Amino acid sequence: MLEHGGWQRTAAGAGLLKPDGSIAATIFAEMSALAVETGAINLGQGFPDEDGPAAVLETARQAISDGVNQYPPGRGFPDLRLAIAEHQKRFYGLEMDPDTDVLVTAGATEGLAAAILALVQPGDEVLTFEPFYDAYGGLVGLSGADHRTVALQWPDFQPDHDDLRDAVSDRTRIILVNNPHNPTGAVFDRATLELIVELAHRHDAIIVTDEVYEHLIYDAAHIPVASLPGAWERTVTISSGGKTFNTTGWKTGWATGPADLISAITTVKQYLTYVNGAPFQPAMATGLRLPDAYFHGAAAELQAKRDILAAGLRNAGFALSLPSASYFIVADASALGVTDAADFCRRLPHLAGVVGVPVTAFVNRDRHESYRSLVRFAFCKKRPVLEEAARRLSALRPGTP
């Protein structure tokens, strides 16, 4: 265990502490508070405002009534682990043993935390693509590893393959792949994923994938890295049901992969939450076994919502990177005269009654220049909410700020 001073240095490096030692609020907390203060529509944080499928919710209610309210087994209830294994075979052709190759976690974030803490040592490197989900930087910092990034460039947010080759070395312990990608909604093509596998073999790295948006995909196909030739033996796949089934508050996720890697992650996981969400685990198993029509319908509905918000943003003068997946759309506000997205997002609730998040919140400080005018908006809201947000945003005009 790190002594207090060591912890403080690590946490500060991860962006968790302010210079005075107080805990820094996340951008999501700041913008959500601003939405409450101003009465603005909160399109900053990615949580739906509609419940998930009735069968999933009813299974949770029944589980509570049936007394499924105490600690589940450390690796998760057997039926949920079986449902996860069935899901991976059904959608991706991946064969796995639910007893050794599957671990239930407290959401994908705990799975990521346990994987990073289990598999890296201080001085190792963890590679992510940038911009990156903000938890990645904190988790890498807390592990004592060095955080390297490969930039994704506007407007398609794909990595340059030469940059990727240059960034991976024999010090790289984990290549962390978020695909479909948050915050950009990009989906990496097969050639990029195959290059990641090639580099992992060349440098003896482990691939950890965050695939929580795997079913919320519109204009592309989801290719799990673990399904590629030569990938399974060195890939940990992490996902959750929160996004797929509109149950983000349940925090029920999973990690799948080779037994030795899952065992190592389990060893760390037992000192984090230990176990979680007993009545939600049977419900998640119900969700994973829903017919294909549910998964197709969920994606189609979100695509329609994406297009509602996109129209409003275009009318306001934003340039767009139209996402192929996820809850999020990235808009360039430079045509509105914006040169500082963070400042713009703090004023946007007053200007238009809408909250967004600056993409600079998802990058290392030395990369801010590349993303200085980009804003992320979430479209996982009811259609009338998005229509009103689009109407409000349409009132903006170039030069408004």
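Going by what an unreviewed UniProt entry lists, the protein chain is known as Aminotransferase class I/II-fold pyridoxal phosphate-dependent enzyme and is assigned to Mycetocola manganoxydans. Under Sequence similarities (unreviewed entry), UniProt gives the following word-for-word description of the protein chain: "Belongs to the class-I pyridoxal-phosphate-dependent aminotransferase family." Among the UniProt annotations of the protein chain, the heading Cofactor (unreviewed entry) holds the following wording: "pyridoxal 5'-phosphate".

Draft legend 1. The arrangement of the sheet that holds strand β2 (residues 102–105) in detail. With respect to topology, 7 strands assemble into an open sheet ordered β2-β8-β7-β6-β5-β3-β4, the strand pairing being mixed. Strands with a single pairing partner mark the edges of an open sheet, and in this sheet they are β2 and β4 (146–151). Here the average twist between neighbouring strands, direction ignored, is 20°. Of the pairings in the sheet, the one linking strand β5 (residues 172–178) to strand β6 (residues 206–210) comprises 5 bridges and is parallel in character. Note that in β6 the partner of leucine 176 across the bridge is valine 208. Relative to the sheet, helix α4 (residues 78–92) contacts β2, β7 (235–240) and β8 (253–256), its axis offset from that of β2 by approximately 115°. Sheet strands in contact with helix α8 (residues 190–203) are β3 (125–130), β5 and β6, and its direction is about 165° off that of β5.

Draft legend 2. Seen up close, helix α10 (residues 280–288). The set of residues buried in α10 consists of Gln281, Ala283, Met284, Ala285, Gly287 and Leu288. In the core, the buried residues of α10 are packed alongside α3 (54–65), α4, β2, β8 and α11 (292–316).

Draft legend 3. Representation of the nonpolar core in the model. With 73 residues, the main nonpolar core has Val208, Leu313, Phe318, Phe344, Phe377 and Leu396 as its most contacted residues. Sequence-distant contacts of leucine 313, defined by excluding residues within four places in its chain, comprise Phe318, Leu320, Ile329, Ala331, Phe377 and Leu393. The next biggest cluster of nonpolar side chains, apart from the first, holds 30 residues, and it includes Ala186, Ala200, Ala205 and Leu228.

Draft legend 4. Just the pattern of salt bridges, in detail. Going through the model one piece at a time under the given rule, you end up with 21 salt bridges. For aspartate 79, the salt bridge identified is with arginine 289, shortest N-O distance 2.9 Å. Of this pair, aspartate 79 sits in helix α4 while arginine 289 sits in the loop between α10 and α11, placing them 210 residues apart in sequence. A residue is classified by how much of its surface remains accessible, and aspartate 79, at 40% relative accessible area, is partly exposed.

Draft legend 5. Representation of the sheet that holds strand β13 (residues 374–378). With antiparallel pairing, 4 strands are arranged side by side in an open sheet as β9-β10-β13-β12. Strand pairing shows two members of the sheet lacking a second neighbour, β9 (319–321) and β12 (357–358), which therefore form its edges. Bridge count between β9 and strand β10 (residues 328–332): 3 bridges; the pairing is antiparallel. The partner of serine 321 across the bridge, within β10, is valine 330. Against the sheet, helix α12 (residues 341–352) touches β12 and β13, its axis set at about 45° to β13.

Draft legend 6. Spatial organisation of the environment of phenylalanine 362. Structurally, phenylalanine 362 is set in the loop between β12 and β13. Through-space distance from the C-alpha of phenylalanine 362 to that of glutamate 130 is 7.3 Å; in sequence the pair is 232 residues apart. Every residue in contact with phenylalanine 362, bar those within four places of it in the chain, is listed here: Phe28, Glu130, Pro131, Phe132, Tyr133, Asp134, Pro183, Val357 and Arg376.

Draft legend 7. Representation of the confidence of the model for the protein chain within the structure. Confidence in the prediction for the protein chain averages 92 pLDDT; 92% of positions are at 70 or higher. This model gives residues 1–15 a pLDDT under 50, and the stretch forms 16 contacts once residues within four places in sequence are excluded.

Draft legend 8. Inspection of the pairing of β6 at higher detail. Of all 5 residues in β6, 5 are buried; the element is thus mostly enclosed. Judged by which residues are buried, β6 turns out to be covered on both faces: Ile206, Val208 and Asp210 on one side and Ile207 and Thr209 on the other are all buried. Note on the crossover from β5 through α8 to β6: the handedness is right-handed. Here β6 runs beside β7; their pairing, made up of 4 bridges, is parallel. Opposite isoleucine 207, over in β7, you have threonine 235 as the bridge partner.

Reading guide: rules and limits
- Residues numbered from 1 in each chain as written.
- Predicted model: local features only at pLDDT ≥ 70, side-chain atom pairs only at ≥ 80, totals over all residues.
- Heavy atoms only, no water.
- UniProt positions renumbered as here; feature names shortened; annotations may be inferred.
- Pairing = 2+ DSSP bridges.
- Helix = DSSP H or I, 4+ residues; strand = E, 2+ residues; numbered from the N terminus.
- Axes fitted to C-alpha atoms, helices over the stretch in contact; angles between N-to-C directions.
- Contact = heavy atoms within 4.5 Å.
- Buried < 20%, exposed > 50% of the residue type's maximum accessible area, 1.4 Å probe, protein only.
- Core = buried A, V, L, I, M, F, W, Y, C linked by side-chain atoms within 4.5 Å.
- Salt bridge = Lys/Arg side-chain N within 4 Å of Asp/Glu carboxyl O.
- pLDDT = per-residue confidence, 0-100.
- Right-handed = clockwise from strand over helix to strand, strands pointing away.

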